[in-house]
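Residues per chain are reported as follows:
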Amino acid sequence: MTADQHLAQWRKDAAAPFEGWDFSYLAGRFEEAEPPWNYLALARAAAGAALDILDVATGGGEIFASLAPFPARATAVEGFVPNLPVARRRLEPLGVPVFQGNTGSGMPFADGAFDLVLNRHGGFRAAEMARILKPGGVFLSQQVGGDNLADLTAAFGADLPYPDNTLERVAEAFTALGFGVRRAEVWRGPVTFADVGAVVYFLKAIPWVVSGFDLERHLEPLLALQARAGQPLRFTYTRFLIEAVKT
């Protein structure tokens, strides 16, 4: 392909629709390793012992819906307004109401309303999780680590968006609130893009990875990635898992 053909493809990738948390557009062009733990299996096991379950920052509801049928009362909350109709279309037919709520400043639930709070790759505030959990309640989360994709952001001269989101800080926050941390693990592994256009789509879909990402503005680093043709476009994920119990 010529430079003009590459640019035309990248523009097409940048304009491709993205909804909820669905990366099916990149089928065959994007491969991500998985942590050694199985978040869905852990969440399903925890849900089996719970009466009132909340999924925090549910996104488009894709992950939470995969736990259905729910053995108990299930609720979801999402703060990003464009995701709300997506999540409601997916979850409400399963009997799961979806509320709008800011997981940092406060959510529309009573104190001690839930005995299980799930969270996968979403923002939260430990004190708010403590407020809505019953005594003995469990908070289970797989998080994106603060140095996630540091090599990719560096390729664009960008800063890490959430450098303080580390297992150590999160565990300390829950411990200070009187929680017992039952499980805490960190993992790093590869994510590989088949071509630069896949990187373009990824960065448009997740705009906080490279703040203000724009195809024309970031053309120079994209061309530098293209110059690596024949070598894998491989970068590094960071994930951590925390399971904490309110005492």
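Everything quoted here is computed from the prediction, not taken from an experiment. (Residues numbered from 1 in each chain as written. Predicted model: local features only at pLDDT ≥ 70, side-chain atom pairs only at ≥ 80, totals over all residues. Heavy atoms only, no water.)

S.K.: Is there a simple way to explain the overall build of the protein in this structure?
M.R.: The helix and strand tally for the protein stands at nine helices and eight strands. C-alpha atoms of the protein, sized along the principal axes, occupy 60 × 40 × 30 Å. For the protein, long-range pairs separated by at least 24 residues make up 66% of all intrachain contacts whose partners lie at least 6 apart in sequence. Distance from the positive charge centre (22 side chains) to the negative charge centre (27 side chains) of the protein: 3 Å. (Helix = DSSP H or I, 4+ residues; strand = E, 2+ residues; numbered from the N terminus. Contact = heavy atoms within 4.5 Å. Lys, Arg positive; Asp, Glu negative; His and termini not counted. Charge placed at Lys NZ, Arg CZ, Asp CG, Glu CD.)

S.K.: Looking at this model, I keep getting lost on the pairing of strand β5 (residues 114–120). Mind explaining?
M.R.: For a regular strand, side chains alternate in direction, first toward one face of the sheet and then toward the other. Counting buried positions along β5 gives six out of seven residues, so the element sits mostly inside the fold. Pairing analysis gives four bridges linking strand β2 (residues 52–56) to β5, with the strands arranged parallel. Residue pairing in the sheet places Leu54 in a bridge with Val117 of β5. As paired strands, β5 and strand β6 (residues 133–144) are joined by six bridges and run parallel to one another. Bridge pairing in β6 places Arg120 opposite Gln142. Remark: the β5/helix α5 (residues 126–132)/β6 crossover connection has right-handed handedness. (Buried < 20%, exposed > 50% of the residue type's maximum accessible area, 1.4 Å probe, protein only. Pairing = 2+ DSSP bridges. Right-handed = clockwise from strand over helix to strand, strands pointing away.)

S.K.: When you look at unusual backbone geometry in this model, what are you seeing that I'm missing?
M.R.: Among all residues except glycine, the phi angle is most often negative; among peptide bonds, the trans geometry is most common. Of the consecutive residues Ala68 and Pro69, the connecting peptide bond is found in the cis state with omega at 0 degrees. Note that Pro69 resides in the loop between α3 (62–65) and β3 (73–78). Phi angles above zero are rare outside glycine, and His121 is one such case at about 65 degrees. With respect to the helices and strands, His121 occurs in the loop between β5 and α5. Given a relative accessible area of 26%, His121 falls into the partly exposed group. For Leu149, which is not glycine, the phi dihedral falls at a positive 55 degrees. Position of Leu149 among the secondary structure elements: in the loop between β6 and α6 (150–155).

S.K.: How should a nonpolar patch on the surface be read in this particular structure?
M.R.: Judged by side-chain polarity, Trp21, Tyr162 and Trp208 come together as a nonpolar surface patch covering roughly 350 Å² of accessible area. Looking at the secondary structure, you find Tyr162 in the loop between α6 and α7 (167–176). (Patch = residues over 30% accessible without salt bridge, like charges linked within 9 Å, V, L, I, M, F, W, Y side chains within 5 Å. Areas by Shrake-Rupley, 256 points an atom, 1.4 Å probe, with all protein chains shown as cover. Salt bridge = Lys/Arg side-chain N within 4 Å of Asp/Glu carboxyl O.)

S.K.: In this structure, what is going on with the nonpolar core? I would like to understand it.
M.R.: In terms of nonpolar packing, the biggest core is built from 55 residues, with Phe64, Leu118, Leu152, Phe193, Phe202 and Leu203 touching the most fellow members. Sequence-distant contacts of Phe64, defined by excluding residues within four places in its chain, comprise Ile53, Asp55, Thr58, Phe70, Ala74, Thr75, Ala76, Leu91, Val96 and Leu118. (Core = buried A, V, L, I, M, F, W, Y, C linked by side-chain atoms within 4.5 Å.)

S.K.: Could you clarify how one ought to interpret the sheet that holds strand β7 (residues 179–193) in this entry?
M.R.: Strand pairing within a sheet occurs via backbone hydrogen bonds; the two strands may be parallel or antiparallel. Pairing in this open sheet of eight strands is mixed, and the strands run β1-β7-β8-β6-β5-β2-β3-β4 from one edge to the other. A strand with exactly one partner marks an edge of an open sheet, and here the two such strands are β1 (30–32) and β4 (98–100). Taking the axes of each pair of neighbouring strands and ignoring which way they run, one obtains an average angle of 20 degrees across the sheet. Relative to β7, β1 runs antiparallel, the two being bridged by three bridges. Bridging across to β7, Glu31 finds its partner in Thr192. The strands touched by helix α2 (residues 39–47) are β2, β5, β6, β7 and β8 (233–246); relative to β5, the strand with the most contacts, the crossing angle is about 170 degrees. In the packing of α7 onto the sheet, the strands contacted are β6, β7 and β8, and the crossing angle to β8 comes to about 10 degrees. (Axes fitted to C-alpha atoms, helices over the stretch in contact; angles between N-to-C directions.)

S.K.: Hey, could you run me through the packing of helix α1 (residues 3–15) against helix α8 (residues 196–205) in this one?
M.R.: When two helices pack together, their arrangement is given by the angle between the helix axes and by the axis-to-axis distance. Their axes nearest at 8 Å, the elements α1 and α8 cross at an angle of 30 degrees. In this view, α1 runs roughly parallel relative to α8, as classed from their interaxial angle. In terms of crossing hand, the pair formed by α1 and α8 is right-handed. Where α1 abuts α8, its residues Trp10, Asp13 and Ala14 lie against Val196, Gly197, Ala198, Val200, Tyr201 and Lys204. Residue composition of the contact of α1 with α8, grouped by class: six nonpolar, one polar and two charged. (Parallel < 35°, antiparallel > 145°, perpendicular 65-115°, else oblique. Left-handed = near helix turned anticlockwise from the far one by under 90°. Nonpolar A, V, L, I, M, F, W, Y, C, P; charged D, E, K, R; others polar.)

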